[in-house]
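This is what each chain is made of:
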Amino acid sequence: MDRGTRGEMLGRLAEEIGSVTVAHPTRVAIDGPPAAGKTTLADELAVVLRRQGRDVIRATIDDFLFPRAQRYPRGEYSAEGCYFDTHDHDALTRVLLDPLGPGGDRRFQHTVYDRTADTVLAPPVTTASADAVLLFDGVFLLRPELIDRWDLRIFVLTALEKTVGRAVIRESQVSSRAEVERRWRERYIPSQQFYFATVRPIEHVEIIVHNDEPEHPVWETHTHRGQRRHDLAEPRDSRS
């Protein structure tokens, strides 16, 4: 493990991204629990890469949600619903990950959903440069239907209990403390525990960022890049 400043960690991540050699845009997954610091890390990393002259595409799983009327069939606080019913992975692969991947035409859309307006979007198609970098943050990015569509996989690891306190601060303007804590303890934390137990995501990443102390992060690299796992069992939806 390495420990250093925030800037040192970002520089190391940029080096790792720069070392990926593919004939298409580099697709980087930044996975981790809610409120672990994924979005902040992706935004900071985008600044570093752009300063280095890289063309960066920023996108997030929050722009690939199903409309609200579709994503709560098991209830708003259901942990199973959080994992199985929330994200439109078919759209994600169809309009973004596959076009930027091997054999893709690099013509992509970075979103299909507006969370604020709760409406489906159809933004203009953009063509990426061959050496572009996609920085994509979100939860459950290493689930079986997505795991082989990333060229570099980063996991932002934070104690789940610590994410509750961060969420209370982050969402204090829109939700009460009681509502935030209930959502985390009944929906988000149990869904992450399910993900860890069934997919074991941190076993399948190249880089883990320990983000309990964001200004003094600890990071570690794994040397299994290119050894893609094809033996992950699809977690079973309990309705089936």
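Here, the structure is the one placed above.
These numbers were taken from a predicted model, which means no experiment stands behind them. (Residues numbered from 1 in each chain as written. Predicted model: local features only at pLDDT ≥ 70, side-chain atom pairs only at ≥ 80, totals over all residues. Heavy atoms only, no water.)

Draft legend 1. Representation of the pairing of strand β2 (residues 26-31). Summarising burial for β2: 6 of the 6 residues are buried, a large majority. Residues Thr-26, Val-28 and Ile-30 line one face of β2 and the alternating positions Arg-27, Ala-29 and Asp-31 line the opposite face, and both faces are buried. Taken together, the 6 bridges between β2 and strand β8 (residues 133-138) define a ladder with parallel strand orientation. What sits directly across from Val-28, in β8, is Leu-135. Sheet topology places β2 next to strand β9 (residues 152-157); 4 bridges connect them, and they run parallel. Of the residues in β9, the one forming a bridge with Ala-29 is Arg-153. (Buried < 20%, exposed > 50% of the residue type's maximum accessible area, 1.4 Å probe, protein only. Helix = DSSP H or I, 4+ residues; strand = E, 2+ residues; numbered from the N terminus. Pairing = 2+ DSSP bridges.)

Draft legend 2. Summary view of the sheet that holds strand β3 (residues 56-60). The 7 strands lie next to each other as β1-β11-β10-β9-β2-β8-β3, forming an open sheet whose pairing is mixed. The open sheet has two edge strands with one neighbour each: β1 (2-3) and β3. Those strands touched by helix α2 (residues 38-51) are β2, β3, β8, β9 and β10 (207-210), and its axis lies near 170° from that of β8. On the sheet, helix α4 (residues 89-97) packs against β2, β3 and β8 and is oriented at approximately 165° with respect to β8. (Contact = heavy atoms within 4.5 Å. Axes fitted to C-alpha atoms, helices over the stretch in contact; angles between N-to-C directions.)

Draft legend 3. Expanded view of helix α1 (residues 6-18). With 13 residues, α1 should cover 18 Å at 1.5 Å per step; its first-to-last C-alpha distance of 18 Å lies within 8% of that length. Every buried residue of α1 is listed here: Arg-6, Met-9, Leu-10, Leu-13, Ala-14, Glu-16 and Ile-17. Along α1, the residues classed as buried sweep out an arc of 160° about the axis, all on the same side. Contact partners of the buried residues in α1: β2, α2, β8, β9, β10 and β11 (218-221). (Expected span 1.5 Å × (residues − 1). Arc of directions from axis to C-beta.)

Draft legend 4. Quick peek at the pattern of salt bridges. What the rule picks out here adds up to 20 salt bridges. Two residues, Arg-177 and Glu-181, come together in a salt bridge whose shortest N-O distance is 3.1 Å. Linking Arg-177 with Glu-181, this pair stays in helix α6 (residues 177-199), spanning 4 residues, or about one helical turn. Put simply, Glu-203 and Arg-200 hold a salt bridge, and the shortest N to O gap is 3.2 Å. When salt bridges that share partners are traced, they join Arg-170, Glu-171, Glu-179 and Arg-183 into one network. (Salt bridge = Lys/Arg side-chain N within 4 Å of Asp/Glu carboxyl O.)

Draft legend 5. Examining the pairing of β11 more closely. Where β1 lies against β11, 2 bridges are found, and the strand directions are antiparallel. Its bridge partner lying in β11, Arg-3 is registered against Val-218.

Draft legend 6. Layout of the packing of α1 against α2. In contact at an axis separation of 10 Å, α1 and α2 are set at 70° when each is read in the N-to-C sense. Regarding the angle of α1 to α2, the classification is roughly perpendicular. In terms of crossing hand, the pair formed by α1 and α2 is right-handed. For the pair formed by α1 and α2, the contact residues are Arg-6, Met-9, Leu-10, Leu-13, Ala-14 and Ile-17 on the first element and Thr-40, Leu-41, Glu-44, Leu-45, Val-48 and Leu-49 on the second. Here the contact of α1 with α2 is built from residues that sort into 9 nonpolar, 1 polar and 2 charged. (Parallel < 35°, antiparallel > 145°, perpendicular 65-115°, else oblique. Left-handed = near helix turned anticlockwise from the far one by under 90°. Nonpolar A, V, L, I, M, F, W, Y, C, P; charged D, E, K, R; others polar.)

Any functional reading would require information that these geometric values do not contain.
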